Amino acid sequence: QQLLAAQQAHIGVGGYLENRVIYRRSTHFDQAAEKRTVHLGVDIWLPALTPVLAPLPGRVHSFRDNTGFGDYGPTVILAHELAGFTFYTLYGHLTRHSLEYFTINQAIEKGDSFTQVGPYPENGDWPPHLHFQIITNMLGQHGDFPGVCTQSQQNVFAGICPDPNLVLQCRYL
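Presented here is a report on the structure given in the accompanying data block. These figures come from a predicted structure and were not determined experimentally. Starting from 1, residues in each chain are numbered consecutively following that chain's sequence as written. Local features in this predicted model are restricted to residues of pLDDT 70 or higher, and side-chain atom pairs are both shown and tallied only at a pLDDT of 80 or more, whereas totals for entire chains, interfaces and linings draw on every residue. Water and hydrogen atoms were dropped before computing side-chain values, which therefore reflect all heavy atoms in the structure.

**Points about the sheet that holds strand β5 (residues 58–66)**
Then, in step 1: We treat two strands as partners when DSSP finds at least two bridges between them. The numbering of helices and of strands both runs from the N terminus, where a helix is a DSSP run of H or I of at least 4 residues and a strand a run of E of at least 2. Read from one edge to the other, the open sheet built from 7 strands follows the order β1-β3-β10-β7-β6-β5-β8, with strand pairing classed as antiparallel. Single-partner strands in this sheet number two, and they are β1 (12–14) and β8 (107–108).
Then, in step 2: Relative to strand β7 (residues 85–92), strand β6 (residues 73–82) runs antiparallel, the two being bridged by 8 bridges. Looking at β7, one finds that E81 is bridged to T86.

Take a look at the structure:
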């Protein structure tokens, strides 16, 4: 919030495939000899309780409160169909109470305000922001998916998690 205020900005953006040392603060990312530091989505830093709008029509694939210091906190994953191809969008660091309203296969229309940005600490102990990620293969996961990988796995995960700006179409990303 201090950085945003100093820049007189309302939102901040953290980019796709950034190598971030901040993940070293949490043992959640320290499960192997090589640390996970490469960000697989886009972070949009904005005030807690900001509504999150669906960029595309879809259905609720899964949701979970991924508790633990540095994890996603409340998370929802939507499934989308486009020309016979299924892909997924992940929304992390949400409000805990928003999870109460989801059901599996629940329809979400483009533009629906379907959740909110979560406050610290319920959002995984982060300053308020939304993690947005595209996933082409859930690898059998439900309610969670890696949002950060190791540098040696970057090419593999970049193939599964393409640039979120394909959907967002934001000129600032």
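**Examining the nonpolar core**
Proteins that are soluble and globular tend to have nonpolar side chains buried together.
Then, in step 1: Buried Ala, Val, Leu, Ile, Met, Phe, Trp, Tyr and Cys residues form a nonpolar core when they are joined through side-chain atoms within 4.5 Å. Note on classification: 1.4 Å probe, protein chains only; a residue is buried when its accessible area is under 20% of the maximum for its type, exposed when over 50%, partly exposed between these limits. Core analysis: the largest hydrophobic core is formed by 20 residues, its most contacted members being V52, V76, L78, Y91 and F114.
Then, in step 2: When contributions to this core are tallied by element, the ones reaching two or more residues are β3 (42–45), β6, β7 and β10 (129–135).
Then, in step 3: The element best represented in this core is β10, accounting for 3 residues.
Then, in step 4: Should any heavy atoms of two residues lie within 4.5 Å, those residues are counted as being in contact. Residues contacting L78, with those up to four places away along its chain left out, are R59, V60, H61, F87, Y88, T89, Y91, I108 and F114.
Then, in step 5: The next biggest cluster of nonpolar side chains, apart from the first, holds 14 residues, and it includes I77, A79, Y88 and I135.

**Here we look at unusual backbone geometry**
Then, in step 1: Cis geometry marks the peptide bond from Y120 to P121; its omega dihedral reads 0°.
Then, in step 2: Its place among the elements puts P121 in the loop between β9 (113–116) and β10.
Then, in step 3: One non-glycine residue, L17, adopts positive backbone phi at about 60°.

**Observations regarding the pairing of β10**
Note on strand geometry: in a regular strand, side chains alternate between the two faces of the sheet.
Then, in step 1: Within β10, 7 of the 7 residues are buried, leaving the element largely enclosed by the surrounding structure.
Then, in step 2: Here β10 shows two buried faces, one formed by H129, H131, Q133 and I135 and the other by L130, F132 and I134.
Then, in step 3: When β7 meets β10, the two strands line up antiparallel, connected through 5 bridges. In the sheet register, Y91 faces β10, and the bridge partner there is F132.

**Here's the deal with the packing of aromatic side chains**
Then, in step 1: Pairing of aromatic rings covers Phe, Tyr and Trp, the last through its six-membered ring, and needs centres within 6.5 Å; plane angles under 30 degrees mean stacked, over 60 mean edge-to-face, and all others mean tilted. Throughout the structure, instances matching the rule amount to 6 aromatic pairs.
Then, in step 2: Centroid distance Y91 to F114: 5.0 Å. Interplanar angle 85°. Geometry classified as edge-to-face. On the criterion of sequence distance, the pair formed by Y91 in strand β7 and F114 in strand β9 is long-range, its members being 23 residues apart. Note on accessibility: Y91 and F114 belong to one class, buried.
Then, in step 3: Members of the aromatic cluster, each reached through a chain of ring pairs, are F63, Y91, F102, F114 and F132.

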